[in-house]
Amino acid sequence: MRQGMSVPGGSFVALYGSNSGDWRERVAAKLDDAGVAWFSPMDPRWSSINADNGDEMQSLVDALVEREHAALERATCVLFHLGRYVFRDNTITGHTTMALASRAELGFLAGRGIETVVHVEPDVEGRNYLWAVANRYSHMTRVTTLDAAVARVIERMRAK
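Note that the structure is a prediction, hence the values are computed from the model and not measured. (Residues numbered from 1 in each chain as written. Predicted model: local features only at pLDDT ≥ 70, side-chain atom pairs only at ≥ 80, totals over all residues. Heavy atoms only, no water.)

> Sorry if this is basic, but what is going on with the overall build of the protein here?
Tallying secondary structure elements over the protein gives five helices and seven strands in all. Listing every helix and strand of the protein by position from the N terminus yields β-α-β-α-β-β-β-α-β-α-β-α. Expected size for 160 residues packed as a compact globule is a radius of gyration near 15 Å; at 15 Å, the protein falls within 12% of this value. With the principal axes as the frame, the protein shows a C-alpha extent of 45 × 35 × 35 Å. Across the 160 residues of the protein, 44% fall into the buried class. Relative to all contacts within the protein whose residues are 6 or more apart in sequence, the contacts with residues 24 or more apart total 71%. Carbon and sulfur atoms make up 49% of the accessible area of the protein, which totals about 8,500 Å². (Helix = DSSP H or I, 4+ residues; strand = E, 2+ residues; numbered from the N terminus. Rg over C-alpha atoms; globule rule 2.2 N^0.38 Å. Buried < 20%, exposed > 50% of the residue type's maximum accessible area, 1.4 Å probe, protein only. Contact = heavy atoms within 4.5 Å. Areas by Shrake-Rupley, 256 points an atom, 1.4 Å probe, with all protein chains shown as cover.)

> Which parts of the structure should I look at to understand the sheet that holds strand β3 (residues 77–82)?
Backbone-to-backbone hydrogen bonds join strands into a sheet, with any given pair of strands oriented parallel or antiparallel. Taken together, the five strands give an open sheet; going across it, the order is β2-β1-β3-β6-β7, and neighbouring strands pair in parallel fashion. Sheet topology places β2 (38–39) and β7 (140–142) at the edges, where each strand pairs with a single neighbour. Taken together, the two bridges between strand β1 (residues 13–17) and β2 define a ladder with parallel strand orientation. Bridge pairing in β2 links Val13 to Trp38. Strand contacts of helix α1 (residues 23–34): β1, β2 and β3, with the helix running at about 165 degrees to β1, the strand carrying the most contacts. (Pairing = 2+ DSSP bridges. Axes fitted to C-alpha atoms, helices over the stretch in contact; angles between N-to-C directions.)

> Honestly, the environment of Leu82 in this entry has me stumped. Any pointers?
Position of Leu82 among the secondary structure elements: in strand β3. Considered as a pair, Leu82 and Val153 are 71 residues apart in the sequence and their alpha carbons are 16 Å apart. Apart from residues no more than four positions distant in its own chain, Leu82 is found in contact with Ser18, Ala99, Ser102, Arg103, His119, Val120, Glu121, Val124 and Leu130.

> Even after reading the chapter, I still don't get the pairing of β1, so can you show me in this structure?
On a regular strand, each side chain points to the face opposite its neighbour's, so the side chains alternate between the two faces of the sheet. Summarising burial for β1: five of the five residues are buried, a large majority. Taken together, the five bridges between β1 and β3 define a ladder with parallel strand orientation. Bridging from a neighbouring strand, Leu15 pairs with Leu79 of β3.

> Please explain the packing of aromatic side chains as it appears in this structure.
Each aromatic ring pair is characterised by the separation of its centres together with the angle its planes make. Summed over the entire model, instances satisfying the criterion amount to two aromatic pairs. With centroids separated by 6.5 Å and ring planes inclined at 70 degrees, the aromatic side chains of Phe12 and Phe39 adopt a geometry described as edge-to-face. Here the residue Phe12 occupies a position in the segment before β1, and Phe39 occupies one in strand β2, the gap between them amounting to 27 residues. Judged on exposure class, the residue Phe12 and its partner Phe39 are both buried. Centroid distance Tyr16 to Phe39: 6.5 Å. Interplanar angle 35 degrees. Geometry classified as tilted. Placement of Tyr16 in strand β1 and of Phe39 in strand β2 is noted, with a sequence separation of 23 residues between them. (Phe/Tyr/Trp six-rings, centres within 6.5 Å; stacked < 30°, edge-to-face > 60°.)

Keep in mind these numbers describe shape, not what the thing actually does.
Shown next as C-alpha cells:
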C-alpha cells in the first residue's frame with residue numbers, strides 16, 4: 001500500500017474492520033485510482049502481540065490504539081468491513097477471525113457519530129446485531145458488498 005501508514009492531512013477515508021486478509025490492499029488500490037486519500041490502521045507492531053504476552057505489551061497496545069482512534073476521529077468517513085474468512089488474493093486461506101476488537105471499533109463509530117459505510121459479510125457470527133447497529137444510526141450506511149462500500153466512500157469524498 002502506497003499511503004496509509006501516516007495519517008493524511010486533509011480529508012481521507014479510514015479503512016477499519018477485521019484483519020481478514022488483504023481486503024485493505026484491494027480497497028486502497030481502488031481509492032488510489034480514484035484519487036482519494038486513505039489511512040489504514042495496519043501496523044506491523046501488532047504482530048508481536050498475542051494472547052500470551054498482551055499484558056506485558058500493554059503499553060504498546062495503548063500506543064497503537066491511541067494512534068488508531070486519533071485517526072478515526074480525524075477521518076472524513078470510514079469504510080468498515082468485517083469478514084469471517086481470511087482471504088489472500090481472492091482465495092480463502094482456511095483461517096477465520098472473530099474480529100473482536102473491530103466490533104468495539106464499530107461501537108465507537110456509532111457512538112461518536114463518525115460517518116461510516118458498513119459492510120459485514122453474511123457469514124459473520126453476530127452479523128444481525130451488527131447490521132442492526134448500522135441501520136439504527138443516520139451517520140452509518142449499511143451496504144451488502146465491499147465493492148458497494150468502496151463506491152459509496154468514493155462518492156462521499158468527491159462530494160466533499
